[in-house]
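Chains, contacts and geometry: an overview
Here is what each chain is made of, one letter per residue.
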Amino acid sequence: MKITVQSIGLTPHEPLESHIEKKVSKLETFYDKIQDCKVILKVENNSDKANKTAELILAIPGDDIVVKKTTTSFEESLDLCVDAAKKLLIKKKEMA
């Protein structure tokens, strides 16, 4: 699976990139037909403390899986995205 990280309005630091790599690569254990994964990181333009958005787009045969979460840190947003994507992948595998 190819992982692409796109960040809007920020430069992801090395620990964040390795966190993304580690978390997202685990998704393959739940569904082995993932072709590629796009991670989009964005700082929302609002006064909330919870303004770090992570969006996960998984390209799989059929419909792509898109998950988007916003929290106070990119790591937390990404973890929530991965958890949600994991549930969707398991559900998709059971239906196949």
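Scope of this entry: the structure provided in the associated data block. (Residues numbered from 1 in each chain as written. Predicted model: local features only at pLDDT ≥ 70, side-chain atom pairs only at ≥ 80, totals over all residues. Heavy atoms only, no water.)

**Re the nonpolar core**
Membership of the largest hydrophobic core comes to 21 residues, with the highest contact counts inside it found for Leu 27, Val 39, Leu 56 and Leu 58. Examining the composition of this core, we find that six residues originate from one element, helix 2 (residues 74-95), more than from any other. Each residue touching Val 39, except ones within four places of it in the same chain, is listed here: Ile 3, Thr 4, Val 5, Gln 6, Ile 20, Val 24, Glu 55, Leu 56 and Leu 78. (Core = buried A, V, L, I, M, F, W, Y, C linked by side-chain atoms within 4.5 Å. Buried < 20%, exposed > 50% of the residue type's maximum accessible area, 1.4 Å probe, protein only. Helix = DSSP H or I, 4+ residues; strand = E, 2+ residues; numbered from the N terminus. Contact = heavy atoms within 4.5 Å.)

**Some thoughts on the sheet that holds strand 3 (residues 52-59)**
Strand order in the open sheet formed by four strands is 1-2-3-4, and the pairing between neighbours is mixed. Every interior strand has two partners, whereas the edge strands, strand 1 (2-8) and strand 4 (65-71), have only one. Each strand of the sheet is rotated relative to its neighbour by a mean of 15°, with strand direction disregarded. On top of the sheet, helix 2 reaches strand 2 (36-43), strand 3 and strand 4; it is set at about 150° to strand 4, its chief contact. (Pairing = 2+ DSSP bridges. Axes fitted to C-alpha atoms, helices over the stretch in contact; angles between N-to-C directions.)

**Overview of helix 2**
Helix length check: helix 2 (22 residues) gives 31 Å between terminal C-alpha atoms against 32 Å at 1.5 Å per residue, within 8%. Of all the residues in helix 2, the buried ones are Phe 74, Ser 77, Leu 78, Cys 81, Val 82, Ala 85 and Leu 89. Taken around the axis of helix 2, the buried residues stretch over an arc of 130°, which confines them to a single face. When the buried face of helix 2 is taken as reference, the exposed residues oriented beyond 90 degrees from it are Lys 87 and Glu 94. Buried residues in helix 2 make contact with helix 1 (14-25), strand 2, strand 3 and strand 4. (Expected span 1.5 Å × (residues − 1). Arc of directions from axis to C-beta.)

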